[in-house]
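Commentary on secondary and tertiary structure
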Amino acid sequence: MPTLSILVATWDNGLFSVTGKMVRQELADQSVRSLVADGHGGVLAIVGGHSLCRRSSDGEWTEIAKSEFELSCCVPIGNVVFVGTDDAHILRVDPDGAQQRLTGFDAVAGRDRWYAGAAIIDGKLMGPPLGIRSMAATCDGAVLLANVHVGGIPRSTDCGLTWQPTIDIDSDVHQVCAHPTRPDIVIAAAAAGLCISRDAGATWTIEQRGLHAHYCSAVAFGRNDIFVSASTDPFATQGAVYRRPIDGNGPLQPLGGGMPKWIDGKADTNCIATRDSMAAVIDRSGRLYVSHNDGATWSCPFDRLTVPSGLHIC
């Protein structure tokens, strides 16, 4: 079985490819966001804020499309890539690089009530802009979901032509994630807690039981479990990571197995990744935790890589 690599994207220092005990840096001094499998053995990412790029399995990068918009995230459906922007629009990028802005998304009901996430810190207004924070597509490609921060999770069942609002806007969603093989199951991390849908994102329930605090920032599906990070607020100095069986309904449980009770700050959007029996978590300080047995036990092979923007296992 080939050795899996963990890709660590960063806000301003490129990408680090971690394979075993070896670390290789790529795209130094550039921002890299939204690592996602392209469905053909490679990985898609937003590079430098304005370029949609593909990384091949051997680490070669090519630009697919460049945009005047500040890009934030992406998700493929077949050979088409849907790209979210930092000003809350969505672009469709065709295989030849042609781009089209989805006007149906701009017309989604309730858009006029969306707002940027913000907080007063030391007398200054801080926070990210109103934008698309993450996107997901069900494994059958039938449903496209966009996590607006702050604006809920609009949902499309016709490849982005039309959209319907879902979940309360004030749930304050930070990441949406679709199950890799079960098209009915979608999860999201929100300030209100762990959000779970069993009808492909049409309706949601919110779970808080077992969490020390309900401000959730990242989610991922393991083979058997849901993983979710939680903290008291977006600027908390410590956070924790929890798990629960995908088909269970009991309280969430701390990871344990070598994962400390508290991590340094929160594990933010896209900072939990899984593939097969492997799972990885990276905290705000860049401390990377890795499990090779579905999250039963954890080690910390690398300490303070850099400030991360996301993880991907390939």
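Here the structure is shown first, and the text comes after it.
What comes next is a walk through the structure. (Residues numbered from 1 in each chain as written. Predicted model: local features only at pLDDT ≥ 70, side-chain atom pairs only at ≥ 80, totals over all residues. Heavy atoms only, no water.)

Next up on the list: the sheet that holds strand β9 (residues 80-85). One open sheet accounts for four strands, arranged β8-β9-β10-β11; its pairing is antiparallel. The two strands at the open ends of the sheet, each matched to only one other strand, are β8 (71-77) and β11 (99-101). Neighbour-to-neighbour, the strand axes of the sheet open up by a mean angle of 25°, direction not taken into account. (Pairing = 2+ DSSP bridges. Helix = DSSP H or I, 4+ residues; strand = E, 2+ residues; numbered from the N terminus. Axes fitted to C-alpha atoms, helices over the stretch in contact; angles between N-to-C directions.)

Here we take up unusual backbone geometry. Cis peptide bonds are those with omega within 30 degrees of zero, and the linkage from His149 to Val150 qualifies with 10°. Among the structural elements, Val150 can be located in the loop between β15 (144-149) and β16 (155-156). One non-glycine residue with positive phi stands out, namely Ala200, at about 60°. Mapped onto the elements, Ala200 comes out in the loop between β19 (193-197) and β20 (205-207).

We now examine the side chain of Asp38. Mapped onto the fold, Asp38 is located in the loop between β4 (32-37) and β5 (43-47). Reaching out from Asp38, the side chain makes a polar contact with the backbone nitrogen of His40 at a distance of 2.7 Å. For Asp38, the side chain forms a polar contact with the main-chain nitrogen of Gly41, separated by 3.3 Å. (Polar contact = N/O pair within 3.5 Å; in protein donor to acceptor, adjacent residues only side chain to side chain.)

Strand order in the open sheet formed by four strands is β3-β2-β1-β30, with antiparallel pairing between adjacent strands. In this open sheet, the two edge strands, each paired with only one partner strand, are β3 (22-26) and β30 (308-313). Strand-to-strand, the axes of this sheet are offset by a mean angle of 20°, without reference to chain direction. Pairing of strand β1 (residues 6-10) with strand β2 (residues 15-19), which is carried by four bridges, proceeds in the antiparallel orientation. Paired with Val8 across the strands is Phe16, a residue of β2.

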